[in-house]
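# Examining the three-dimensional arrangement
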Amino acid sequence: MPYLVRRAGHSAIMLLVVVSFVFFAGRMIGDPAIVMLGASASDTALEQLRNNLGLNDPLLMQYFRYVGGLVQGDLGVSFRYGFAQMPAERFMDGGGTPVMGLVLARLPQTLYLAAVALGGALALALVMGCLAAMYPRSWIDHLVNVLSLASVSVVQFWLGLVLIVLFAVHLGWLPTGGYGSWYHVILPALALGARPLGRVAQVTRSAMLDEMARPYVAAARAKGLPEHRIVSVHALKNAGIPVVTITGDELVQLVTGAILVETVFGWPGIGHLLVEALNNRDLPVLQGAILAVATLVIVVNLLVDITYTYLNPKVSLSSREN
Amino acid sequence: MNAMTEARTRVTGDRVDVSAAPIMSVEGLSVGFDTPHGPVQAVDNVSWSIRKGETLGIIGESGSGKSVGLETIMGLITSPPARISGQVLLDGQDILSMPQRQRRQLRGDRMAMIFQDALAALNPSLTIGTQISEVYRIRRGASRQAALDKAVELMDQVKIPSARSRLKAYPHEFSGGMCQRVMIAMALAMDPEILIADEPTTALDVTVQRQIMDLLQEVRRERGMSLILVTHDLGVVAECADRAVVMYSGRMAETATMRDLFRTPSHPYTRALLQAMPRVDARLERLQAIPGTPPTLSHIPSGCAFRPRCTFAQPRCAEEKPELRMLAAEHSAACHFAEAIREETSHD
Amino acid sequence: MTQKLLAKTEPDPSVVPTQNANVEGLYDEERAPKLTWKIYLRALFSDRVTLIAALFLIIMAVSALGAQFLAPFDPNQIDIMNRFMPPLSMTDAGQFHLLGTDQLGRDVLSRLMHGAQVSISIGFLGAICSGLLGITLGIIAGYKRGLFEDIVMRLVDGMQSLPSLLIALFVLFIIGGGYFNLVLVFTFLQWTVFCRMARSLTLNLRDSNFISAARVLGCTDARIMLRHILPNMVAPLMVLFTLEVAILILSEASLSFLGFGVQPPNASWGRMIASGRDHINTAWWLVTLPGLAIFLTALALNLLAGWCRAVSDPVHSSRWLTPKRKQNKQEG
Amino acid sequence: MKTRQTALAITLAGVLAGVTSLALADTFVVAVPQEPQDLAAQGIYKEINAPGLRNVIEPLIMMDADSGDYVPVLAQDWEVIDDTSLRLHLREGVVFHDGTPMDAEAVATSIEFVWDQENAFTIQEYAGPGRISAEVEDDLTVVVHSSEPDPMLDFRMSLTGITSQDQIENNPSAHFTQPLGTGPYAFEDWDQGSSWSAVRNDDWWGRAADDVYGQNIPDYDRVRFEFRTESSSRMAMIMAGEADIVVSPQSSDCERAERLDGFSCVTGPSSQYIYGRLDYSLFADERLEDPRIRAAIFHALSYEGLADILGLASVPQGQLGTPDMTGFNDALEQYASDPQRSMELVQQAQADGVNLNGLRVEVMGRDDTPRIGELVEAIGAMIEAVGIPTRQNVQTPAVANPRFRISEYKAEAPRAMMQVHVKENPAPDFGLNLHSNYACPDLDDPSGVSRSSVFCDEEFDERLHEALTLIGEERHEAMQELNAFLHERYVIIPLALLDRAYLVRDGLDLTFGPDGRFLLANVTQSD
Amino acid sequence: MTEQQQAVASGQREVVLRAEQLGKVFGKTVRQGWRRVDQGVRAVNDVNFELHRGETLGLVGESGCGKSTLARLLVRLMDPTEGRVEVLGQNLLELKREDLRQARRRIQMIFQDPYSSLNPRMTVGEIIGEPWQVFPDIVPPAQREARIGELLQQVGLNKSDADRYPHQFSGGQRQRIGIARALAVEPEVIICDEPVSALDVSVQAQVINLLMDIQRDTGVSYVFIAHDLSVVRQISDRIMVMYLGEIVEGGAVDAVYESPQHPYTTALLSSIPVHDPEQQSRQVLKLPGEVPSPMNPPSGCKFHTRCPYATEICSQEVPAVTGDLAVRGVRCHHASTLNFDPYIEHITGRVASG
């Protein structure tokens, strides 16, 4: 499919832009050697480390080495985790904790959390949005409206803190955080899912309202279709396009939200890794995490586009522009 | 000259039993809405009836309430939010007082509706086949395949070429005329007795309009359906309808057989409308324009709604709302001076 | 058919005779009554939730703008002896702290008011700057089309498909936090939202006949964009602006949580939460109050924007503007 | 492909998590504030590097903080041969967790590995003047050498973790992630981002030895260290019964613990202190060299107040160290908190033509310092209150901002920075302190350790050099004098001495170990 | 023949608008390998006409036939891909930006949709007065207010309407405002793009009358585009029928209506529903199908797919124009052999009896 090929091309270019941005901008934060060894490190140790890491090479050479590594699935070696302190030649296996491993180890947890948060939010939001659209201006509509707006207005990490205090500390129903069995995911998913819940419910509601006002709904009624079929088949499928768009959008935002929520809950996901990398100035991990997130986002966008074509026959993969 | 032409275009008026009881009659139907500017009366005390096999034209400009009334009959406008009063009798039963569930059974089965903008009235994300067959499948409990076969049959009836291969097509792949044919096929799926066509050809070109009107007449005749044709185009009504109702600002101005309506228009509005139309057969020095503009529903003048634009208006018209009065058999008009005007025109 | 006029009756004196084609208008009443501010106001007053939201925002705005005069204490005045005083408590020196004191003994109410100034102004400034940039580019892109549009929209697509807070984090990580850096980063990230909307609105308007008419009249492009296009997208852009302010206030809080917010001793709501979070188990008000302030402000902004959108929506507005009918009026 | 794997991983993770959480019945859970960088042996020299790692990896000897004496661990006996070498006699029959014997060869390998200058280990901050090497004398005897005279070799040995020789030589990458020590617990798993855990080592030498350290033989099946950055989360964990012990609680949490059932707060003195390093002669704004301005700043602070804000801290005695250290000067009092005097000093200075326009003292903190935000704000507010403008700045990504390094000072305009920093001094001697904090740094000397100083005074440097060569009471007195010398010159503000604190659930008793590490051997069940 | 028609026929009147071989291809150049290939839609092809002072040229056709595109080409809202447009001898297409703006004073446009053609954010006075912001020399600032009043009265509105906003007016009134705006620059030509098709029947006549009155008073010329043949007949002097971007027949309006030579013209005329129930027994020339997509127009005569008279030649050869389409001409292979009288009885018959 040429469209998919072109899309993939764009994505690759965007990734390269992100890679370059992250690589060069990342170098503005200072000498990675000092970052690793601390302010009181001796210059010998620093120099040794720079040699170990190849930081004394020209920047462009480092860049090409980095990009070259990326192509082979090598995101470099963490500054913080593991043992970059030792000269590489001392390791039989080349040494270093590969960032790729760190990222891949954290990715499933984030996806798990995101899937639970988004899945729950989506299911609830669709029901809420449809209900509100079916009874506009009723108390249901008002309730859905205020609830959904409330859940987009809340600061996620604050909600997380409040949830911990309430449900874990005072009521003791759920764990305060950490990663483990299914009930560990509930509180973080609640904190993380609030925003998508609100956004999707809002969009569903207004899209459904719009669709229900369209002539084809009147026509469907006129031919004697039962109302539930009109809502669930006719209107919902057409309302699906904005809902899918916003869901894709929210999935992207979810990753950002995860940064804070994972930190609050001690959830070992990519967001947590990212914050740690930020705090530790662990540049390779930071780069790796950002790239992982960017890749994720690009994949999500592609999925959203594919879903479009299912929902809207006017859009075909070969013709879609923008 | 060849098959493309027909000697007679007019296919109405034949075989309608004038003495037969109407299959549907509307009595004193009023529909009102609330708007930000206060309540409005979109349909005000409208009564008419239609017999089996008959074509009834409903003529009116935008905002005259011609569509609102029919959407209320179809149950597409409900109370609330609308305020509805009056009766719509189908086989002697008032359908307005029926519970929703029962009314839904009537739709499609007893009466069906087609809309002005067919493309908008078709669901853009479902295939033509699904849309034509779904109601048959759900209401008649037919199997998927049987329903699709039915859809093909219907599409053949409305002369959609290579029907079977188009089952999988989506509405946007069809032209305007084709979409209208699909709409008609959808409406016919349950074999209704009354077909309401709400400006079915307004959005179409002249040549396609002709095709669709012919098709409507053909299916009406074949099935012995009654057809309610809503339009603002006097020409379309003149060619197709047996009788017509002229609406102005939510009220009935005049109702008559086609011949009476055009020969002896007895309401000043009908008269003025006929005179204002440019003619294809002659170029006039000036058109007889009706002054002013139709009132908005929120500001209907007191008394007779047409009064401010009427050349016959008298002080009485501002105070007294004229009632619809019988002038002759099948001819009524709502004007204080209807008889005088009828007299005047028939002498002409 | 007759073309002769009936002369039986005299025409209504309020109507000009038909013969004079130049004065055919009908002026006895206004045609489509404008949706006046009275109607909007009436609708607002009948919608209790939105009304409360609007009042809340007014209170917030007043306390933020007047923080210097209205705040009971200097927000940075530390008082080691009176730390962690719960709301509604009185110090030995007789100072009354309505919302208590924080971990340095500063008055929480005063800090909330000054924090409102910082948080809301960051939200506003960020939205204004990104709005100006985005709307300008969006209108030009939508109106001029061509290569410029391609470049701008590619950029917008690219930037929008990245998680913005993450990029904000990274940029702030490099350039450091602080008030103006936050505004800068918000501008840099959020202009795409305005740009996309301004462009799509422009594209819609561009095909309007009144734009064609203006071009036929010989209006310059600048005049068309400023006089014809811009004023016609004020309503949706204002709604978007309101939403963006809410989003930016939330973003400020998130970035402050990670330490990239305004620098001490200045208070912002986000920083208050961030610095109070260590005490959440012991001094609930330190986290709860600024969190509530953010939540309620954002909620009020969202409610107001939602309401504005509902009443300015051509399809559904009448539903929202129509006063509710009493049940007993119903018939049938 | 990727998605399918992910989906699988998610399902599996869910199932496994459910199963494992049931299995972890007798697990001792410790909530710690951060994830260790690695679990390499060198990390045991500082508790915050890898809390709990000392339960897996043991040193040869350890210091009893109370007495200042060394006690045996893996070495049963040791003797100082001369000022460059130390002989250690190892305990017999000890094996590493991988089953390899802990013999002289293994110990020598570990020592050389940890102190190898090729390895850029952070322990180098405690490196002596010379290179350290180890020599095997016999199976159970090792001699440690320093290439330069080093009176503190025994101290450095107490920092050195001993791990499997086989691992160091054959699988060095595992050394950083799967420590193989000799301790009472054997490393089990490191769930990155979440926790690391260890299981009971039934073959631990301490079960049979009669000179074992600690209060008891630890008997939990498993110990898990959960990483929770948020202190409120750690607090929540113990409140919810998820953790047995919480490391680094807030003072307010400790206060709360007094009032609540279920857990209590155990505190004790630590060797950590917080100081403010106010730029002085080196690259500093010249107005900061005016003694009145410096004094004004020092006297502006309310030390009681700051200790109160910090909680779990006390006001130090005007010098950087604890009273048990060699060189501690009892006569020195903390600077008086006297804002009135500060204001007068500022006015005097201004009257003498010191123009304070444009001076902004930048109070800067690294955020690995406890309560740093509040501390910086409070200090800033206090200095402002006496009429000296400040700017407050908490460097968030805390680790190693180049601005903290003296060598970076060269790159900036004259500075007026007060860096608030936490420091741990494990040595029982002021020598290291005085050298690293006050000696004029030789910026061109790559091996110098005094690079955190911003003070350059020839007289001081000379006297310090002399004092460092002394031993015994002479050394003590010399350093006492030096402390007094510095005190008068308002060089560095000792802000607070921190307490060590743990939240401990009811039913447990915890005592601080002899060397200030968290050891399960010091935890006892009280019921 | 009316006076005007005579004048046209004799060519006495000044030519105010001339289109020569005007054509427009839409769409993009598609890249095929390295080459760029035009894959456009030919919306308008080979249009030639002259419009004289005070004359109205009617343009009819079904939707999608390109008549609106043609209108936009004439005022240069779009750039044609070929041909030229001259206004009073000035070629619009060669003008620089500033000169083009100046030239626009000569040619104005009235739009179909009276709702979208007025800026909702401007008062009626601002809308009508806007051209003078652009061309300050037309009316001196001091007289503008008075002039707005005059214009409003000229189109049948009140002076006081200047302060109101467009939404306060009905469709017909808005169309009058649009006309006033066009008149404000005192143009020579007004292109009317379906100006009455969105209006109610009862209002259509007012606007048509108004347009005719304005022409009578000011001598302005119209290009009047519509799909309603009755309306076109009422207002036009000459008429051109368009099909798929081409003019298929043209001539004086009475001549075309009373003796059409192209089957398409005939079909259009005979398809109109006649609003007289007595007049229904006539023959209708019905066309099968709908207008083909302009993307792949039929070969040969573009009409042959729907033409009841099509023969082999029609699908192979492009028919030549017989006569001058602007005066009296037709584009059909069989024009000379066809007799359409039975289909237009309702037109000719009325004329005879009327």
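Residues numbered from 1 in each chain as written. Chains lettered and ligands numbered in written order. Predicted model: local features only at pLDDT ≥ 70, side-chain atom pairs only at ≥ 80, totals over all residues. Heavy atoms only, no water.

The next point concerns the sheet that holds strand β9 (residues 189-193) of chain E. Residues and elements named next belong to chain E. Pairing within the open sheet is mixed, and its 8 strands lie in the order β8-β9-β10-β5-β11-β12-β15-β14. The strands lining the two open edges of the sheet, one partner per strand, are β8 (107-110) and β14 (321-324). Strand after strand, the sheet turns through a mean of 20° between neighbouring axes, direction not considered. Pairing between strand β5 (residues 56-60) and strand β10 (residues 221-226): 5 bridges, direction parallel. Within β10, the residue paired with Val60 across the bridge is Ala226. (Pairing = 2+ DSSP bridges. Helix = DSSP H or I, 4+ residues; strand = E, 2+ residues; numbered from the N terminus. Axes fitted to C-alpha atoms, helices over the stretch in contact; angles between N-to-C directions.)

Mapped onto the present numbering, the UniProt feature "transmembrane region" (unreviewed entry) falls at residues 49-71, 118-143, 164-189, 238-262 and 282-304 of chain C. Helix makes up 80% of residues 238-262 of chain C and strand 0%, whereas the separation of the span's terminal C-alpha atoms amounts to 27 Å. (UniProt positions renumbered as here; feature names shortened; annotations may be inferred.)

Now for the interface of chain E and chain B. Across the boundary between the two partners, chain E contributes 55 residues, which contact 54 residues of chain B. Interface area for chain E against chain B, summed over the two sides, is near 4,800 Å², with a carbon-plus-sulfur share of 53%. Taken together, the connections running from chain E to chain B amount to 2 salt bridges. With a shortest N-O distance of 2.7 Å, Asp213 of chain E and Arg286 of chain B are connected by a salt bridge. If you look at where chain E meets chain B, you find 17 residue pairs in polar contact (both at pLDDT 80 or more). Elements with a minimum of two residues in the side of chain E that touches chain B: α7 (201-218), α8 (229-235), α10 (263-271), β13 (284-285) and α12 (345-353) of chain E. With 11 residues, α7 of chain E is the single largest residue contributor to the side of chain E that touches chain B. (Contact = heavy atoms within 4.5 Å. Buried area = accessible area lost by both parts, 1.4 Å probe. Salt bridge = Lys/Arg side-chain N within 4 Å of Asp/Glu carboxyl O. Polar contact = N/O pair within 3.5 Å; in protein donor to acceptor, adjacent residues only side chain to side chain.)

According to UniProt, the feature "domain: ABC transporter" (unreviewed entry) maps to residues 26-274 of chain B in the numbering used here. For residues 26-274 of chain B, helix accounts for 39% and strand for 27%, while the C-alpha atoms at its two ends are 26 Å apart.

Another aspect to go through is the UniProt feature "domain: ABC transmembrane type-1" (unreviewed entry) in chain C. With numbering matched to this structure, UniProt assigns "domain: ABC transmembrane type-1" (unreviewed entry) to residues 116-305 of chain C. The span residues 116-305 of chain C shows a helical share of 82% and a strand share of 0%, and its end C-alpha atoms are spaced 20 Å apart.

The next thing to look at is the state of the cysteines. All names here are of chain D. All told, the structure shown has 2 disulfides over all chains when counted by the stated rule. Between the sulfur of Cys254 and that of Cys265 lies a disulfide, 1.8 Å long from S to S. In this pair, Cys254 is assigned in helix α7 (residues 251-259) and Cys265 in strand β14 (residues 263-278), connecting sequence segments 11 residues apart. Judged by relative accessible area, Cys254 falls into the buried class, the value being 5%. Judged by its relative accessible area of 15%, Cys265 is buried. Paired through a disulfide, Cys440 and Cys456 show a sulfur-sulfur distance of 1.8 Å. (Disulfide = S-S within 2.5 Å. Buried < 20%, exposed > 50% of the residue type's maximum accessible area, 1.4 Å probe, protein only.)

So, about a negative patch on the surface. Together, Glu92, Glu105, Asp138, Asp139, Asp166 and Glu169 of chain D make up a region of like negative charge exposed at the surface. The residue Asp139 of chain D is located in the loop between β7 (132-138) and β8 (141-146) in this model. (Patch = residues over 30% accessible without salt bridge, like charges linked within 9 Å, V, L, I, M, F, W, Y side chains within 5 Å. Areas by Shrake-Rupley, 256 points an atom, 1.4 Å probe, with all protein chains shown as cover. Lys, Arg positive; Asp, Glu negative; His and termini not counted. Charge placed at Lys NZ, Arg CZ, Asp CG, Glu CD.)

Positive phi, normally seen in glycine, also occurs at Asn45 of chain B, with a value near 55°. Here Asn45 of chain B lies in strand β3 (residues 38-50).

Taken as a whole, this structure holds 35 aromatic pairs over all chains when the rule is applied. Centre to centre, the rings of Tyr248 of chain B and Phe306 of chain B are 5.1 Å apart; their planes meet at 85°, and the pair counts as edge-to-face. Of this pair, Tyr248 of chain B sits in strand β10 (residues 243-248) while Phe306 of chain B is found in the loop between α10 (268-276) and α11 (315-319), placing the two residues 58 residues apart along the sequence. What makes Phe306 of chain B buried here is its relative accessible area of 2%. Members of the aromatic cluster, each reached through a chain of ring pairs, are Phe23, Phe24, Tyr63, Phe64 and Tyr66 of chain A. Here the basic side chain of Arg54 of chain D rests over the ring of Tyr213 of chain D, its NZ or CZ set 5.4 Å away from the ring centre. (Phe/Tyr/Trp six-rings, centres within 6.5 Å; stacked < 30°, edge-to-face > 60°. Lys NZ or Arg CZ within 6 Å of the ring centre and 35° of its normal.)

Turning our eyes to something else, we now look at the nonpolar core. In summary, soluble globular proteins display a tendency toward joint burial of nonpolar side chains. Core analysis: the biggest nonpolar cluster contains 254 residues, and Phe157 of chain A together with Trp269 of chain C have the highest contact counts within it. Of the domains in this structure, domain 1 (3-100) and domain 2 (106-311) of chain A are the two that each give at least three residues to this core. Those residues in contact with Trp269 of chain C, other than ones at most four positions away along the chain, are Met60, Leu112, Gly115, Ala116, Ser119, Ile120, Ile249, Glu252, Pro290, Ala293, Ile294 and Thr297 of chain C. (Core = buried A, V, L, I, M, F, W, Y, C linked by side-chain atoms within 4.5 Å. Domains from an automatic or database assignment.)

Residue and element names in this part refer to chain C. Residues Leu55, Ile58, Val62, Phe69 and Leu70 make up a contiguous nonpolar surface patch of about 540 Å² in total accessible area. At the level of elements, α2 (48-65) and α3 (67-70) are the ones that each hand at least two residues to the nonpolar patch. Considering each element in turn, the nonpolar patch owes the most residues, 3 residues, to α2. Position of Leu55 among the secondary structure elements: in helix α2. Judged by relative accessible area, which is 47%, Leu55 ranks as partly exposed.

On to the sheet that holds strand β7 (residues 90-91) of chain E. Residues and elements named next belong to chain E. As summarised here, the arrangement of the 4 strands in space is β4-β1-β6-β7, forming an open sheet in which the pairing is antiparallel. Pairing within the sheet leaves two strands with one partner each, and these edge strands are β4 (41-52) and β7. Across 5 bridges, the pairing between strand β1 (residues 15-26) and strand β6 (residues 82-87) is antiparallel. From the neighbouring strand, Ala19 faces β6, where its bridge partner is Val85. Against the sheet, helix α2 (residues 67-74) touches β1, β4 and β6, its axis set at about 120° to β1.

The subject of this paragraph is helix α5 (residues 146-160) of chain C. Helix length check: α5 of chain C (15 residues) gives 21 Å between terminal C-alpha atoms against 21 Å at 1.5 Å per residue, within 8%. Among the residues of α5 of chain C, those classed as buried are Glu149, Val152, Met153, Val156 and Gly158 of chain C. (Expected span 1.5 Å × (residues − 1).)

This next bit is on the pairing of strand β4 (residues 55-59) of chain B. Residue and element names in this part refer to chain B. Within β4, 5 of the 5 residues are buried, which leaves the element mostly enclosed by the surrounding structure. Of the two faces of β4, the one lined by Thr55, Gly57 and Ile59 and the one lined by Leu56 and Ile58 are each fully buried. Bridging between β4 and strand β9 (residues 226-231) involves 5 bridges; their strand directions are parallel. Residue pairing in the sheet places Thr55 in a bridge with Leu227 of β9. Alignment of β4 against β10, held across 4 bridges, turns out to be parallel. Within β10, the residue paired with Gly57 across the bridge is Ala244.

Any segment with low pLDDT has predicted coordinates that should not be analysed in fine detail. All names here are of chain C. Averaged over every residue, the pLDDT of chain C is 79; the share at 70 or more is 84%. Here helix α13 (residues 317-321) stands out as the least confident element of chain C, with mean pLDDT 69; helix α4 (residues 108-144) is the most confident, with 92. Predicted confidence for residues 1-32 stays below pLDDT 50, and this span has 82 contacts to residues more than four positions away or in other chains. Within the model, pLDDT remains below 50 along residues 326-332, and this stretch shows 9 contacts once partners closer than five positions in the same chain are excluded. Interface predicted TM-score (ipTM) for the complex: 0.81; the corresponding pTM is 0.83. (pLDDT = per-residue confidence, 0-100.)

According to the stated counting rule, one finds 81 salt bridges over all chains in the structure shown. Asp57 of chain A is paired through a salt bridge with Arg65 of chain A; the nearest N and O atoms lie 2.7 Å apart. On the accessibility criterion, Asp57 of chain A (27% relative accessible area) is partly exposed. Its salt-bridge partner being Glu149 of chain C, residue Arg199 of chain C comes within 2.6 Å of it at the nearest N-O pair. Placement of Arg199 of chain C in helix α7 (residues 179-206) and of Glu149 of chain C in helix α5 is noted, with a sequence separation of 50 residues between them.

Residue and element names in this part refer to chain C. The contact between helix α6 (residues 164-175) and helix α10 (residues 234-257) brings their axes to 11 Å, and the two run at 50°. When the axis of α6 is compared with that of α10, the two are oblique. For the crossing formed where α6 meets α10, the hand is right-handed. Between α6 and α10, the residues in contact are Leu165, Ala168, Leu169 and Leu172 and Ser251, Ser254 and Leu255, respectively. (Parallel < 35°, antiparallel > 145°, perpendicular 65-115°, else oblique. Left-handed = near helix turned anticlockwise from the far one by under 90°.)

What follows concerns the environment of Pro175 of chain A. Among the structural elements, Pro175 of chain A can be located in the loop between α7 (156-170) and α8 (186-212). With relative accessibility at 11%, the residue Pro175 of chain A sits in the buried group. Linking Pro175 of chain A and Val185 of chain A, residues 10 residues apart in sequence, is a C-alpha distance of 9.1 Å. Discounting chain neighbours no more than four positions away, the residues touching Pro175 of chain A are Ala168, Tyr183, His184 and Leu187 of chain A together with Glu242 of chain D.

Below, the discussion takes up the environment of Val363 of chain D. Tracing the sequence through the fold places Val363 of chain D in strand β16 (residues 361-366). Once residues within four sequence positions are removed from consideration, Val363 of chain D is found in contact with Val376, Ile379, Gly380, Ile383, Thr390, Arg391, Gln392, Asn393, Met418 and Val420 of chain D.

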